[in-house]
Amino acid sequence: MSTVSVMSVSSLSMGIGTATRYLDLAGVFSCALLGGAVARTAGLDLFGFLVVGIVSGLGGGMMRDVLLQHGTPVALTDYAYLLTSLAGTTVAFLVLISEQHWNRLFTALDAAVIGFWAVAGANKTLAVGLGWLPAVLLGTLTAVGGGALRDVILGRMPAVFGGNGLYATVALAVAAVTVLCWYLGVPGIGIGLGVTLALVLRLAAVRYGWNLPSGLDWRPHSTLASLLRRRSRPATRRGGKSRSRKESS
């Protein structure tokens with residue numbers, strides 16, 4: 001490989017790494033905001049805001065780095081992560097806005113963050129020499145771990161376990177696509193494809209109310225399913241009336 005080719009590959013890698021880092025920080029900021037909004041609904045004081053916001057923003061990445069056992073977690077070596085989470089929490093403390101409004105405001109950003117965190121987690125796992133399964137698992141953990149830790153600290157059922165628009169499912173799909181592209185030798189395409197998939201799936205799940213089954217008696221709650229159920233009910237009633245008339249005659 002020529003010197004020019006080596007320099008081009010190196011520049012591309014640095015560019016992807018820089019873009020991923022800034023989007024990762026955007027995710028830290030938005031998740032810290034949401035953590036602060038949750039802390040407000042729980043009636044916590046300033047210290048509680050800071051703890052919940054920092055855990056929400058940094059928890060997933062720190063769990064991933066600890067499990068990898070490949071150096072100090074990046075949140076402890078790159079001070080921008082801690083400062084960003086503090087900034088997001090402070091904004092949530094100073095501005096009175098509900099958790100529901102934060103969710104609506106940051107739906108698009110949250111979808112992008114799922115993609116970048118899942119992609120970053122999977123790529124970092126593969127880079128240290130682990131296989132496809134750990135990469136998929138740690139990519140998913142990176143995207144959803146902080147929110148789950150936040151909910152556990154507050155004594156709530158983690159939102160990632162259901163009713164949150166396929167949040168963890170999207171992260172799992174993105175991590176799997178990233179790993180597949182890595183093994184196919186096109187990790188750059190995996191980054192773009194993973195982020196695009198996260199945006200499409202997450203926004204569609206929120207828009208149309210897609211959720212995973214919650215039991216054997218589960219029925220889909222999407223807009224399309226509701227319309228189909230509404231159309232089927234009158235036909236059932238008419239059928240019932242016609243049968244009752246035949247029986248009486």
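Whatever comes next refers back to the structure up there.
Because the structure is a prediction, the values reported are computed rather than measured.

K.L.:
Would you take a moment to explain the nonpolar core for this structure?
P.N.:
Of all hydrophobic cores here, the largest spans 21 residues; its most connected members are Tyr 81, Ile 114, Trp 117, Ala 143, Val 170 and Val 174. Elements represented by at least two residues in this core include exactly α1 (3-41), α6 (107-127), α7 (132-153), α8 (167-183) and α9 (187-208). Here this core gets 5 residues from one element, more than from any other, and that element is α6. What Ala 143 contacts, discounting residues up to four positions off in sequence, is Ile 114, Trp 117, Ala 118, Tyr 167 and Ala 171. Counting 6 residues, the second-largest nonpolar core is a separate cluster that includes Ala 122, Leu 126, Ala 175 and Val 179.

K.L.:
Please explain α8 as it appears in this structure.
P.N.:
Since the α-helix turns once every 3.6 residues, residues separated by three or four places project in the same direction. Over its 17 residues, α8 extends 25 Å from the first C-alpha to the last, a length consistent with the 24 Å expected when each residue adds 1.5 Å. For α8, the complete set of buried residues consists of Tyr 167, Val 170, Ala 171, Val 174, Ala 175, Thr 178, Val 179 and Cys 181. Within α8, the buried residues cover an arc of 165° as seen down the axis, which keeps them to one side. Away from its buried face, by an angle of more than 90 degrees, α8 presents the exposed residues Leu 180 and Tyr 183. On the buried face of α8, the contacting elements are α6, α7 and α9. Positive backbone phi, at 85°, marks Gly 185, one or two positions downstream of α8.

Cut-offs and rules
- Residues numbered from 1 in each chain as written.
- Predicted model: local features only at pLDDT ≥ 70, side-chain atom pairs only at ≥ 80, totals over all residues.
- Heavy atoms only, no water.
- Core = buried A, V, L, I, M, F, W, Y, C linked by side-chain atoms within 4.5 Å.
- Buried < 20%, exposed > 50% of the residue type's maximum accessible area, 1.4 Å probe, protein only.
- Helix = DSSP H or I, 4+ residues; strand = E, 2+ residues; numbered from the N terminus.
- Contact = heavy atoms within 4.5 Å.
- Expected span 1.5 Å × (residues − 1).
- Arc of directions from axis to C-beta.

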